[in-house]
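# Observations on the model geometry
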Amino acid sequence: MAITIYHNPTCGTSRNTLAMIRQSGEEPDIIAYLDTPPSRETLCDLIKRSGLSVREAMRKKEPPYKELGLEDPAITDAALIDAMLAHPVLINRPFVVTEKGVRQCRPSEAVLDILPNPDIGPFTKEDGEIVIDGNGRRHV
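Residues numbered from 1 in each chain as written. Predicted model: local features only at pLDDT ≥ 70, side-chain atom pairs only at ≥ 80, totals over all residues. Heavy atoms only, no water.

### Focus on the pairing of strand S3 (residues 95–98)
Side chains Phe-95 and Val-97 project from S3 onto one buried face, and the interleaved Val-96 and Thr-98 project onto a second face that is buried too. Summarising the sheet, strand S1 (residues 4–7) and S3 pair through 3 bridges and their orientation is antiparallel. Paired with Thr-4 across the bridge in S3 is Val-97. Pairing analysis gives 4 bridges linking S3 to strand S4 (residues 101–104), with the strands arranged antiparallel. The partner of Phe-95 across the bridge, within S4, is Gln-104. Between S3 and S4, which pair antiparallel in sequence order, lie 2 residues. (Buried < 20%, exposed > 50% of the residue type's maximum accessible area, 1.4 Å probe, protein only. Helix = DSSP H or I, 4+ residues; strand = E, 2+ residues; numbered from the N terminus. Pairing = 2+ DSSP bridges.)

See the structure below:
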């Protein structure tokens, strides 16, 4: 089964996640979700399979979140999904799909839990944070 990442290349977390996938020996299908948003069915499936609530799958730091008043707890999940589809920047990233499951990879090292080959060797994030050291120990 292929690996799919819903990717935003301007996001460091998304770039780190993609780098770990590639370091595992896989070349994923990359969906630039800001340009090609998922369908309603796909987005709902990603959220459900990741074990998140719709609110947990939202990026709250983006301007449309506040502008649309989405912090109101009375807003339904369906309305939140509508907002994410209309404003894909509100979809928190990156979502990764593998044969082992779906994760919203925040932090990026969450991808290791669903990679077919999680033994990727030493890995350091762009910001210098060590994820896996030279002895193969995962830092948490």
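### So, helix H2 (residues 40–50)
Every α-helical turn comprises 3.6 residues, leaving residues that sit three or four positions apart pointing alike. Buried within H2 are the following residues: Leu-43, Leu-46, Ile-47 and Ser-50. The arc that holds every buried residue of H2, seen down its axis, measures 95 degrees, which confines them to one face. Residues of H2 that are exposed and point more than 90 degrees away from the buried face comprise Glu-41 and Lys-48. Where H2 is buried, its residues touch S1, helix H4 (77–86), S3 and S4. Phi turns positive one or two residues past the end of H2, at Gly-51, with a value near 85 degrees. (Arc of directions from axis to C-beta. Contact = heavy atoms within 4.5 Å.)

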